[in-house]
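Structure at a glance
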Amino acid sequence: MKSLFLDLSKTEGFLASHEMQYLAEQAEAAARLLESKQGPGGEFLGWLDLPVDYNRLEFEAIREAAQQIRTQSEVLVVIGIGGSYLGAQAAITFLKHTFYNQLPADKRGGPEIYFAGINLSGTYLQHLIELIGERDFSINVVSKSGTTTEPAIAFRLLKSLLEKRYGKEGARKRIYATTDLEKGALKQLATQEGYPTFEVPDDVGGRYSVLSAVGLLPIAAAGIDIAKLMEGAAAAESELRKPFAENACYQYAAARNALHRKGRDIEMFIYYEPRFYHLAEWWKQLYGESEGKDGKGIFTASAGFTTDLHSLGQYIQDGKRHLFETLLELENPGGTLLVEPDPDNLDGLNYLSGKSLDYVNQKAAQGTVEAHVAGGVPNLRIVLPEASPYYLGYLFYFFEKACGVSGYMLGVNPFDQPGVEAYKKNMFRLLGK
Ligand code: PA5
């Protein structure tokens, strides 16, 4: 089985080898602290064991619920915010057809899937309700705390729509709750109403929860093989314990820390395949919310190339030198389209005749890396063998563990998010709560 590959060759000239050597010991020490669960936030490290130590009975129940949704409903609305939806959306965008929701039902083979409770926009929700129209829909409401305002409001409205349409009993057959099994308003409501309920483990925080029921139910409802996803994550769990020299996860954590110490305050997640779009969103939350605290942290940003080369490219090439890039690539993007010959050649593209679009995209990536490195932007490159559930599971775990290691190296608690409360306090005061 091929593995994920980390290429640090384009950090030469920005990082001396002794700088990485110094950080190798720190990365291994941070990993030991993480695995011991004795460091800051150690009570939220359940995600470390999820790929090997998960509830098999619940896993089967998730598959059954997913099957039920697939046979019963034309639309699934996943309600949740932050860590409660980003992983699922990342997986679906990465593994399914680019235009999954727009495909004819027989080609899609499962429900259209939309996300709600991800903002407070009345227009967004209204348009979603219009889009659902008269069609049968199910809800997976996901909230660990069960009290988050955005999903709670969306759930109130969509639940009421279901109840008006199918009555309380019919609604019950279309609502699945994913929440803390002990406490919280959603748990209470789910128990009272008798909704099938799945667990957000107590010791797993939102942004580390994609391999729990939080991510697994919507991912399975999209028809993705969640057993393979867990298999890939389990391979990562075992491989990413190796010593620094053989461990891409620790090397990634060390390289980004080393660059950050030299004034590289912004990490740009770069991709050339649009299927990575939501994975970048998931990654931005994971690292941004885990490390941005105590006046420290790398600011996480993302760009999809070549699209954004025509908008952000100028800044990256020539602007302030406080950036580095982490490029995520697929060894085999899987496209089959070729540039066709044209007898008139008015567009001058015949030199590409017979070449695949993937080839052209790859050359664009190589040329861009060369240009950006020459322009003073270090580049870390992560190559994934292919877009499959197995490798996505591997990648999720890779980024999560690297984030824990990196956060400890930075000297923060990567498992809390105290800063998120500030806007809520003000909003509640202004709303007269
Ligand atoms: O990572 C996190 O902890 C957050 O993004 C939460 O997942 C998010 O705020 C939603 O919280 P909850 O699942 O409690 O509604």
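This write-up is about the structure you can find in this document. (Residues numbered from 1 in each chain as written. Predicted model: local features only at pLDDT ≥ 70, side-chain atom pairs only at ≥ 80, totals over all residues. Heavy atoms only, no water.)

Let's talk about unusual backbone geometry
This is how it is decided: Counting from the N terminus, the helices are the DSSP runs of H or I reaching at least four residues and the strands are the DSSP runs of E reaching at least two. When a residue's accessible area, from a 1.4 Å probe over protein chains only, is under 20% of the maximum for its type it is buried; when over 50% it is exposed; and in between it is partly exposed.
With an omega of 5 degrees, the peptide bond between Phe-305 and Thr-306 qualifies as cis. Structurally, the position occupied by Thr-306 is in the loop between strand 8 (299-304) and helix 12 (313-318). For Lys-37, which is not glycine, the phi dihedral falls at a positive 60 degrees. Structurally, the position occupied by Lys-37 is in the loop between helix 1 (17-36) and helix 2 (56-72). Owing to a relative accessible area of 28%, Lys-37 belongs among the partly exposed residues under this scheme.

Thoughts on the pattern of salt bridges
Oppositely charged side chains can form a pair if their charged atoms are brought close together. So the rule is basically this: Here a salt bridge means any side-chain nitrogen of Lys or Arg lying within 4 Å of a carboxyl oxygen belonging to Asp or Glu.
Counted by the stated rule, this structure contains 25 salt bridges. Between Glu-19 and Lys-262 there is a salt bridge; the shortest N-O distance is 3.0 Å. With a gap of 243 residues between them, Glu-19 in helix 1 and Lys-262 in the loop between helix 10 (248-261) and strand 7 (266-271) connect regions that are remote in the sequence. Taking the shortest distance from any N to any O, the salt bridge between Arg-381 and Glu-329 comes out at 2.7 Å. One end of the pair, Arg-381, is in strand 10 (residues 379-384); the other, Glu-329, is in strand 9 (residues 323-330), with 52 residues separating them in the sequence. When its relative accessible area of 18% is taken as the criterion, Glu-329 is described as buried. Ionic contacts of the salt-bridge type, sharing partners, join the residues Lys-159, Glu-163, Lys-168, Glu-169, Arg-172 and Glu-193 into one network.

Let's talk about the nonpolar core
Here is a general trend for soluble globular proteins: nonpolar side chains tend to be buried in one another's company. Selection criterion: To form a nonpolar core, buried Ala, Val, Leu, Ile, Met, Phe, Trp, Tyr and Cys residues must be joined to one another through side-chain atoms within 4.5 Å. We call two residues in contact whenever any of their non-hydrogen atoms come within 4.5 Å of each other.
The biggest cluster of nonpolar side chains holds 114 residues, and the ones touching the most others in it are Tyr-252, Leu-279, Trp-282, Phe-396, Phe-398 and Phe-399. For this core, the element with the highest residue contribution is helix 14 (residues 389-410), accounting for 14 residues. Sequence-distant contacts of Trp-282, defined by excluding residues within four places in its chain, comprise Leu-86, Gly-87, Ala-90, Arg-207, Val-210, Phe-396, Phe-399 and Glu-400. Counting 22 residues, the second-largest nonpolar core is a separate cluster that includes Leu-128, Ile-132, Leu-161 and Tyr-195.

Some words on the state of the cysteines
How we decide: When two cysteine sulfur atoms are found within 2.5 Å, that pair is recorded as a disulfide.
Tallied over the full model, the rule gives zero disulfides. Cys-249 carries a free sulfur, and the closest cysteine sulfur to it, the one in Cys-403, is 9.9 Å from it. A relative accessible area of 0% means that Cys-403 is categorised as buried.

A closer look at the sheet that holds strand 10
In any sheet, the strands associate via hydrogen bonds between backbone groups, in a parallel or an antiparallel arrangement. Here is the rule we go by: We treat two strands as partners when DSSP finds at least two bridges between them. In this description, a line fitted to the C-alpha atoms serves as the axis of each element, helices being fitted only across the stretch in contact, and the angle between N-to-C directions of two axes falls anywhere from 0 to 180 degrees.
What the five strands build is an open sheet, ordered 1-10-9-7-8; its pairing is mixed. What marks the edges here is a single partner per strand, and that holds for strand 1 (5-7) and strand 8. Ignoring which end each strand starts from, the neighbouring axes of this sheet average 20 degrees apart. Here strand 1 runs beside strand 10; their pairing, made up of three bridges, is antiparallel. For Asp-7, the partnering residue across the bridge sits in strand 10 and is Arg-381. In this fold helix 14 packs onto strand 7, strand 9 and strand 10, with an angle of close to 145 degrees to the strand it touches most, strand 10.

What about the packing of helix 3 (residues 86-95) against helix 11 (residues 277-291)?
What counts here: To sort the angles, those under 35 degrees are grouped as roughly parallel, those over 145 as roughly antiparallel, those from 65 to 115 as roughly perpendicular, and the leftovers as oblique. In this scheme the crossing of two helices becomes right-handed for a clockwise turn of the near helix relative to the far one and left-handed for an anticlockwise turn of less than a right angle.
Where helix 3 contacts helix 11, the axes come no closer than 7 Å and their chain directions differ by 155 degrees. Regarding the angle of helix 3 to helix 11, the classification is roughly antiparallel. Viewed along their axes, helix 3 and helix 11 form a crossing whose handedness is left-handed. Along the contact surface, helix 3 presents Leu-86, Gly-87, Gln-89, Ala-90 and Thr-93, while helix 11 presents His-278, Leu-279, Glu-281, Trp-282 and Gln-285.

Some remarks on a nonpolar patch on the surface
Note the threshold: Candidate patch residues must exceed 30% relative accessible area and have no salt bridge, after which like charges are joined if within 9 Å and Val, Leu, Ile, Met, Phe, Trp or Tyr side chains if within 5 Å. Exposure was quantified through the Shrake-Rupley algorithm and a 1.4 Å probe, taking into account, for residues, occlusion by the shown protein chains and nothing else.
On the surface, Leu-120, Ile-153 and Leu-157 cluster together into a nonpolar patch covering about 270 Å² of accessible area. Looking at the element boundaries, Ile-153 is found in helix 6 (residues 149-172). With a relative accessible area of 42%, Ile-153 lands in the partly exposed category.

Examining the packing of helix 2 against helix 8 (residues 213-221)
Quick reminder of the rule: Throughout this entry, Asp, Glu, Lys and Arg are counted as charged residues, while Ala, Val, Leu, Ile, Met, Phe, Trp, Tyr, Cys and Pro are counted as nonpolar. The remaining residues, Gly among them, count as polar.
Two elements in contact, helix 2 and helix 8, have axes whose closest approach is 8 Å; the angle formed by their N-to-C orientations is 40 degrees. Our classification of the angle between helix 2 and helix 8 gives oblique. Where helix 2 crosses over helix 8, the two elements pack in a sense that is right-handed. Residues Glu-58, Phe-59, Ile-62, Ala-65, Ala-66, Ile-69 and Arg-70 of helix 2 lie in contact with helix 8, whose contacting residues are Ala-213, Leu-216, Leu-217, Ala-220 and Ala-221. The residue inventory of the contact of helix 2 with helix 8, partitioned by class, reads 10 nonpolar, no polar and two charged.

Quick word on the pairing of strand 4 (residues 137-143)
Residues in a regular strand project their side chains so that they alternate between the two faces of the sheet. To keep things clear, this is the line we draw: When the strands point away from the viewer, a crossover counts as right-handed if the path from the first strand over the helix to the second runs clockwise.
Within strand 4, seven of the seven residues are buried, leaving the element largely enclosed by the surrounding structure. Judged by which residues are buried, strand 4 turns out to be covered on both faces: Phe-137, Ile-139, Val-141 and Ser-143 on one side and Ser-138, Asn-140 and Val-142 on the other are all buried. Of the strand pairs in this sheet, strand 2 (residues 75-79) and strand 4 are connected by five bridges, and their pairing is parallel. Its bridge partner being in strand 4, Val-78 is matched across the sheet by Asn-140. Note: strand 4 against strand 5 (residues 175-179), five bridges, orientation parallel. Residue pairing for strand 5: Ile-139 is matched across the bridge by Ile-175. In this fold, strand 4 hands off to helix 6, which returns the chain to strand 5; that crossover is right-handed.

With respect to the pairing of strand 9
Of all eight residues making up strand 9, eight are buried, and the element is well covered by its neighbours. Relative to strand 10, strand 9 is paired through six bridges, and the arrangement is parallel. Its bridge partner being in strand 10, Glu-329 is matched across the sheet by Val-383. With respect to chirality, the unit in which strand 9 leads through helix 13 (residues 357-374) into the neighbouring parallel strand 10 is right-handed.

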